[in-house]
Amino acid sequence: MNASSLLPPWRAALVVGLGQSGLSALRLLASAGIPVRAYDRRDALALGPTLEALPEAASAELLLGEPEVPEAAFAGVDAVVLSPGVPPSPVRARQELHAPQAIVHGELSLALLALRRAWPELPTVLVTGTNGKSTVTSLTGALLAAGGMRVFCGGNLGTPLADLALSALQGAAPPDALVIECSSFQLETLERHPTAVAMILNVTPDHLDRYASIADYAATKGRIFAGLRPGGLALLDAGDPWTASLRALVPAGAQVELVDDPSGGAIVGAGPGAALVRGEESIDRGLLALAGRHNSKNALFALAAARHLGVSVADCERGLAAFRGLPHRMVAVGERDGVIYYDDSKATNVASVLASLDGFDRPFVLIAGGRPKGDDFAPLAGLLAGRGRGLVAIGEAAHELIAVAMHVVPAREATSMAEAVALARDMASPGDAVVLSPACASYDWYESYRHRGEAFARAVDAVSCRP
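Residues numbered from 1 in each chain as written. Predicted model: local features only at pLDDT ≥ 70, side-chain atom pairs only at ≥ 80, totals over all residues. Heavy atoms only, no water.

Caption draft 1: Looking closely at the overall build of the protein. Broken down by element type, the protein carries 17 helices and 20 strands. In terms of its C-alpha atoms, the protein occupies a principal-axis envelope of roughly 70 × 55 × 40 Å. Relative to its 467 residues, the protein shows a buried fraction of 56%. A sequence separation of at least 24 residues applies to 72% of the contacts in the protein between residues at least 6 apart. When the accessible surface of the protein is summed, it comes to about 18,300 Å², and 53% of that surface belongs to carbon and sulfur atoms. Computed over 38 positive and 48 negative side-chain charges, the inter-centroid distance for the protein is 3 Å. (Helix = DSSP H or I, 4+ residues; strand = E, 2+ residues; numbered from the N terminus. Buried < 20%, exposed > 50% of the residue type's maximum accessible area, 1.4 Å probe, protein only. Contact = heavy atoms within 4.5 Å. Areas by Shrake-Rupley, 256 points an atom, 1.4 Å probe, with all protein chains shown as cover. Lys, Arg positive; Asp, Glu negative; His and termini not counted. Charge placed at Lys NZ, Arg CZ, Asp CG, Glu CD.)

Structure below.
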């Protein structure tokens, strides 16, 4: 492909933020022949190894270590590309002052612009929501693949989309579909892109340090519908309190389907022997290895998208049966003495824990805690009063969690993951589960939720069966 045709003939572009997404955008812009400036608050010493591994950075004008984007960075710039971690308002204010003619993209939006020019008929599925995005993105991709399609899954999950756009520039054959996970940060800068399916799984309080209110956060999620084509499909959760207002953002001519709508087919049960019901179609819930009612709902979102893109029911069933879920998202990591241990370390807020354990098919001991994110832990008391056997609290939130749970179930504090697993084992009986579902960030004890989940799995591996 001609490099000059992949992106508009911008005189220069400014990339703000040199994390993974920003570096991918820099690489795409430079490879398309557009002069690039790049800004990051970190200095050359901090970014040196990263930039040395990126040949395209050698031709870029680097502006590093300043507390904000310098005025000179905007001179002659026709496009400003923001990394998702960069709040857009301050940069937009400076852009409007110093380069009012420039368009503002995020890395995801930039990549979609390039892909639309490279492969204009490529079907695109966009997925967002506070919880469940990665699972639904991956499962949708798996169902499309079961139907014989070559699928790119990425965006906020895994590979930045700009990397795929760069492969188009280099002459790669197009996939048959894109399935893109979109965070609210990425949606802030998303320009309208032709979309076949767009879905909002749920909206619960999150990132309220970035948004003025949950209504502002929900409206940002609603930007995902802007590019739906006539006949395209918008998917929303029938039971989510924000669905009515978000439905109003769906463009005229697009179809709307409410997932888990009792009037048009609903989930029946959450485990083996139950069914996933969507209109006139019913699929055995036992085909899906993922536990929990929330995963039943996740499956219905993925099924609706796959069926809209022409995948047969039989192929969807094969895809469901083969899917094993993503690491650290309600995945069984071991069984000892009839107790199953589940790693749900990705559940970093209360709403995610409630979703994971809503309709859980066995009694459970909950391991929760870490660095609080400002959530109210009180709803966990109601959850534990249902099928909870006990709570083991860890990390900085331990005392707060114990105060919530202590009058409902036995509650203990652990000072290590190994101790947490040992205490939980003592509380559990054969037929129960032990679930690490923290409702907190990991950064008090661990580098990431992945690191935390790996520590849990190691602690489970060290548990021996009782004689």
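From this point, the narrative continues.
Caption draft 2: Structural view of the pattern of salt bridges. Taken as a whole and assessed by the stated rule, the structure comprises 17 salt bridges. Note that Asp176 and Arg150 form a salt bridge whose closest N and O atoms lie 3.7 Å from each other. One end of the pair, Asp176, is in the loop between helix H7 (161–169) and strand S8 (177–181); the other, Arg150, is in the loop between helix H6 (133–146) and strand S7 (151–155), with 26 residues separating them in the sequence. For Asp176, a relative accessible area of 30% translates into the label partly exposed. Judged by relative accessible area, which is 47%, Arg150 ranks as partly exposed. The closest approach of N and O atoms between Arg210 and Glu188, which form a salt bridge, is 2.6 Å. Remark: Glu188 occurs in the loop between helix H8 (184–187) and strand S9 (195–200) and Arg210 occurs in the loop between S9 and helix H9 (214–222); sequence separation between them is 22 residues. According to the relative accessible area criterion, Glu188 is buried, its value standing at 13%. Look at the salt bridges and you will find they share partners, linking Asp237, Asp260, Arg293 and Lys297 into a network. (Salt bridge = Lys/Arg side-chain N within 4 Å of Asp/Glu carboxyl O.)

Caption draft 3: Fine view of the packing of H6 against helix H11 (residues 293–308). Here H6 crosses H11 at 45°, and the two axes come no closer than 9 Å. Between H6 and H11, the angle is such that the two are oblique. Handedness of the H6/H11 crossing: right-handed. Contacts between H6 and H11 involve Thr135, Val136, Leu139, Thr140, Leu143 and Leu144 on the former and, on the latter, Asn295, Asn298, Ala299, Phe301, Ala302, Leu303, Ala305 and Ala306. (Axes fitted to C-alpha atoms, helices over the stretch in contact; angles between N-to-C directions. Parallel < 35°, antiparallel > 145°, perpendicular 65-115°, else oblique. Left-handed = near helix turned anticlockwise from the far one by under 90°.)

Caption draft 4: Structural context of the packing of aromatic side chains. Inspection of the entire model under this criterion finds five aromatic pairs. Ring centres 6.1 Å apart and planes at 80° place the aromatic pair Phe360 and Phe364 in the edge-to-face group. Pair check on accessibility: Phe360 and Phe364 agree, each one buried. With centroids separated by 6.1 Å and ring planes inclined at 65°, the aromatic side chains of Trp445 and Tyr446 adopt a geometry described as edge-to-face. Given a relative accessible area of 32%, Trp445 falls into the partly exposed group. Members of the aromatic cluster, connected to one another through ring pairs, are Phe185, Tyr211 and Tyr217. The aromatic ring of Tyr449 is capped on one face by Lys346, whose charged end is 5.4 Å from the ring centroid. (Phe/Tyr/Trp six-rings, centres within 6.5 Å; stacked < 30°, edge-to-face > 60°. Lys NZ or Arg CZ within 6 Å of the ring centre and 35° of its normal.)

Caption draft 5: Summary view of helix H3 (residues 44–52). If you check which residues of H3 are buried, you get Leu47, Gly48 and Leu51. Angularly, the buried residues of H3 cover 140° about the axis, an arc narrow enough to put them on a single face. Relative to its buried face, H3 has exposed residues pointing more than 90 degrees away, namely Leu45 and Pro49. Contacts from the buried residues of H3 go to helix H2 (20–31), strand S2 (36–40) and strand S3 (61–64). At the N-terminal boundary of H3, the capping side chain belongs to Asp43, with an oxygen 3.2 Å from the backbone nitrogen of Leu45. (Arc of directions from axis to C-beta. Polar contact = N/O pair within 3.5 Å; in protein donor to acceptor, adjacent residues only side chain to side chain.)

Geometric descriptors of this kind do not, in isolation, establish any biological role.
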